[in-house]
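Read off the chains here:
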Amino acid sequence: MCSSDNATEKVKWNLNLHLKIIYFSLSLNVALCVLCLYLVGISYQSCASLNYLHFDHEDFQIKHSNHRIHRQKRGSFRSYRETLQECAYLTNICKEQNLGDKGVGGEKGEYGMSGMTGPMGPPGTAGQPGRDGAKGDKGEKGHDGLLGFPGYKGEPGPLGVKGDKGDRGIIGPGGPKGFGGPKGEIGEPGEDGIPGKRGRRGPDGLKGQKGIIGIDGPQGHTGQKGQKGENGETGGPGYRIACNCPSGEKGDKGQRGLIGFTGYKGDKGSDGLKGDTVSSPLAMESWRINSDSPSSAVQSVRKLKMIGIPLFLRRSGPVIGSWIRDSALPNNYYVTYDFYGRYVYQYTSTENFKSATIDRTHDLRRYHYYGNSHVVFNGSLYYHRSGESTIVRFDLTHGAISTFKEIHGASYNDSNYLYAKSHVYFDLEFDENGLWAIYRKPRDEKGLHIMKIDPLTMQNIKTWRLEVDPTEYGNGFIAGGILYLVRDITKTKSTLDYAYDLYTDKPYKVPTPMFRNPYKYNTMINYFPRNNARDSRLLAWDNGVQMEYALLF
């Protein structure tokens, strides 16, 4: 590589040297030609002024043309020798014409007009190439030239022919473990597996605490008349005693005796006859709803007359949320924050609830709740599962789902919320008669749907459709079997101007009680029933503040 570079540099240097020599020769010839022309001009003017220039002009022109032709054959430039010969020729002509005495010089004539340029002569024959000169010495290395500008981007070439598929390479070493990806969507339930073998009987658990007495259930059916029993054995003859004594007066009723001890558990009896279908003690109300005959239970439905002034309990959490009380376990409070999440916070006393001292946190895991209208009864949370039209019963004691109810055709994943300015698809309520679900359907915008659900089996008991647009109202609740709708949840003073008796299937003329929203954004209103109507309350979440309302029936 080094020798090739040196040879290239040497050729460049020789070329530059030759060019310089040629340039110097051309410059010298041009200068001599200019000088000779100047001298010829002076000689010509001298002969003309002395009247000596009386030679034959035709002869001069012929000779001059011969010289010019001879000069064109030799080259385009006049040599120094030719110039001297021409000057001597002109001088001799002047001497030959000077035959007499030198006359007096005449006046200088006017300059004649320039003659026309003669025609261009034929090209001369090419001379023989000269010999190469001697090789010059190696010149010094020149300075590096400036970098040239980048060239324009060429056009893409045509696509080449696709080559054959290469052989599979060797499998490389395993890369480092990647970060965990996002949580995938919940898959569809798999098929039921093969039932496993029955496990061993576990040890007996500790005896639980005595539960709180539940709400009295409705009066049951009158049972069928039993069969006549067998005749008893004939008794022996009695003894008649003659007595003329008058009959004694009836004595007072005696005091009730003490409750006896609990007896031993008896043996399992034989299977009885199949009775009428009754879902649960809490669902006994379904009989009177489905029955056409009147009953005393229908007449005992509570009708709301007045709502008291709200009582402030605490301020906690975001603008939207819910707080719930268990009517079977009234000392327990439950709180959910926002309208979507997975955690439920439990407080086991009123003091802990007011001071925000959490006693237990329940994790719903992937069964997230949606909305903020949940209910709790007897240790089970009922809520709307996010992304589905499903009502879930979650056992808070064991931390697992007990059962669920899918409501087909209900709105659950679009912008068709149940009420105005809410984030609720299902409004769940629990009153003296059981569990209710209030919802709407996307194809029935002007209708309100209500379903009564068995809280144990989650089976549908009965369904209603009311001719009312729920989006014209801000919230609602069910108390004593009557649906109430709140007109506005953003005004300080609002009203209950719609009521419907679900037992009689007729609108109920409500006395339009006043309903107050002191913090102007009441996103949750739930009914909390008690055996004594005076102890029943409305629970509300108003702009992050938890309040309750006393009720008058």
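The preceding data block contains the structure.
Quick caveat: nothing in here was measured; it's all calculated off a predicted structure. (Residues numbered from 1 in each chain as written. Predicted model: local features only at pLDDT ≥ 70, side-chain atom pairs only at ≥ 80, totals over all residues. Heavy atoms only, no water.)

A. Up close: the pairing of strand 14 (residues 434-441). A large share of strand 14 lies buried, amounting to 7 of its 8 residues. With 5 bridges joining them, strand 13 (residues 427-431) and strand 14 adopt antiparallel strand pairing. When the bridges of strand 14 are listed, Leu 428 appears paired with Ala 437. In textbook terms, the turn of a hairpin is the stretch between consecutive antiparallel strands, and for strand 13 and strand 14 this stretch comprises 2 residues. In terms of strand pairing, strand 14 meets strand 15 (residues 444-453) through 6 bridges, oriented antiparallel. What sits directly across from Trp 436, in strand 15, is Lys 452. Hairpin remark: strand 14 followed by strand 15, antiparallel, with 2 residues in the connecting loop. (Buried < 20%, exposed > 50% of the residue type's maximum accessible area, 1.4 Å probe, protein only. Helix = DSSP H or I, 4+ residues; strand = E, 2+ residues; numbered from the N terminus. Pairing = 2+ DSSP bridges.)

B. Quick peek at the packing of aromatic side chains. Taken as a whole, this structure holds 16 aromatic pairs when the rule is applied. Ring centres 6.3 Å apart and planes at 10 degrees place the aromatic pair Trp 323 and Tyr 333 in the stacked group. Of this pair, Trp 323 sits in strand 3 (residues 321-325) while Tyr 333 is found in strand 4 (residues 333-337), placing the two residues 10 residues apart along the sequence. For the pair shown, Trp 323 and Tyr 333 are each scored as buried. Among the aromatic side chains, those forming a connected cluster through ring pairs are Trp 323, Tyr 333, Tyr 347 and Phe 353. The ring of Phe 353 is capped by Arg 314, whose NZ or CZ atom sits 4.3 Å from the centre of that ring. (Phe/Tyr/Trp six-rings, centres within 6.5 Å; stacked < 30°, edge-to-face > 60°. Lys NZ or Arg CZ within 6 Å of the ring centre and 35° of its normal.)

C. Here's a closer look at the nonpolar core. Core analysis: the largest hydrophobic core is formed by 20 residues, its most contacted members being Ile 307, Phe 477, Tyr 484 and Leu 538. Breaking this core down by element, the ones donating at least two residues are strand 17 (475-479), strand 18 (482-486), strand 19 (493-501), strand 22 (522-528), strand 23 (537-542) and strand 24 (545-552). In terms of residue count, strand 24 provides more of this core than any other element does, 4 residues in total. Discounting residues that sit within four places of it in the chain, Leu 538 has contacts with Ile 307, Phe 477, Phe 515, Ile 525, Asn 526, Tyr 527, Met 547, Glu 548, Tyr 549 and Leu 551. Counting 18 residues, the second-largest nonpolar core is a separate cluster that includes Tyr 382, Ile 391, Tyr 425 and Met 451. (Core = buried A, V, L, I, M, F, W, Y, C linked by side-chain atoms within 4.5 Å. Contact = heavy atoms within 4.5 Å.)

D. Focus on a nonpolar patch on the surface. There is a patch of nonpolar side chains on the surface, built from Leu 35, Tyr 38 and Leu 39 and spanning about 330 Å² of accessible area. Relative to the assigned elements, Tyr 38 resides in helix 1 (residues 2-49). Here Tyr 38 falls in the exposed class, since its relative accessible area comes to 56%. (Patch = residues over 30% accessible without salt bridge, like charges linked within 9 Å, V, L, I, M, F, W, Y side chains within 5 Å. Areas by Shrake-Rupley, 256 points an atom, 1.4 Å probe, with all protein chains shown as cover. Salt bridge = Lys/Arg side-chain N within 4 Å of Asp/Glu carboxyl O.)

E. Summary view of the sheet that holds strand 12 (residues 400-406). Spatial ordering of the open sheet is given by 9-10-11-12, a layout of 4 strands whose pairing is antiparallel. Two strands lie at the open edges of the sheet, namely strand 9 (375-377) and strand 12, each paired on one side alone. Within this sheet the neighbouring strands show an average axis-to-axis angle of 20 degrees, counted without direction. As paired elements, strand 11 (residues 390-395) and strand 12 share 6 bridges and run antiparallel to each other. (Axes fitted to C-alpha atoms, helices over the stretch in contact; angles between N-to-C directions.)

F. Structural detail: unusual backbone geometry. In this model, Met 458 sits at a positive phi of 60 degrees, which is unusual for a non-glycine residue. Tracing the backbone through its elements, the reader meets Met 458 in the loop between strand 15 and strand 16 (460-466). Exposure remark for Met 458: the relative accessible area of 1% places this residue in the buried category.

G. The environment of Arg 325, seen in detail. Along the chain, Arg 325 falls in strand 3. C-alpha of Arg 325 to C-alpha of Pro 529: the two residues are 204 residues apart in sequence and 9.6 Å apart in space. Once residues lying within four places of it in the same chain are set aside, the contact partners of Arg 325 are Pro 330, Asn 332, Tyr 333, Val 376, Phe 528, Leu 539 and Glu 548. At 3.0 Å, the side chain of Arg 325 forms a polar contact with the backbone oxygen of Pro 330. (Polar contact = N/O pair within 3.5 Å; in protein donor to acceptor, adjacent residues only side chain to side chain.)

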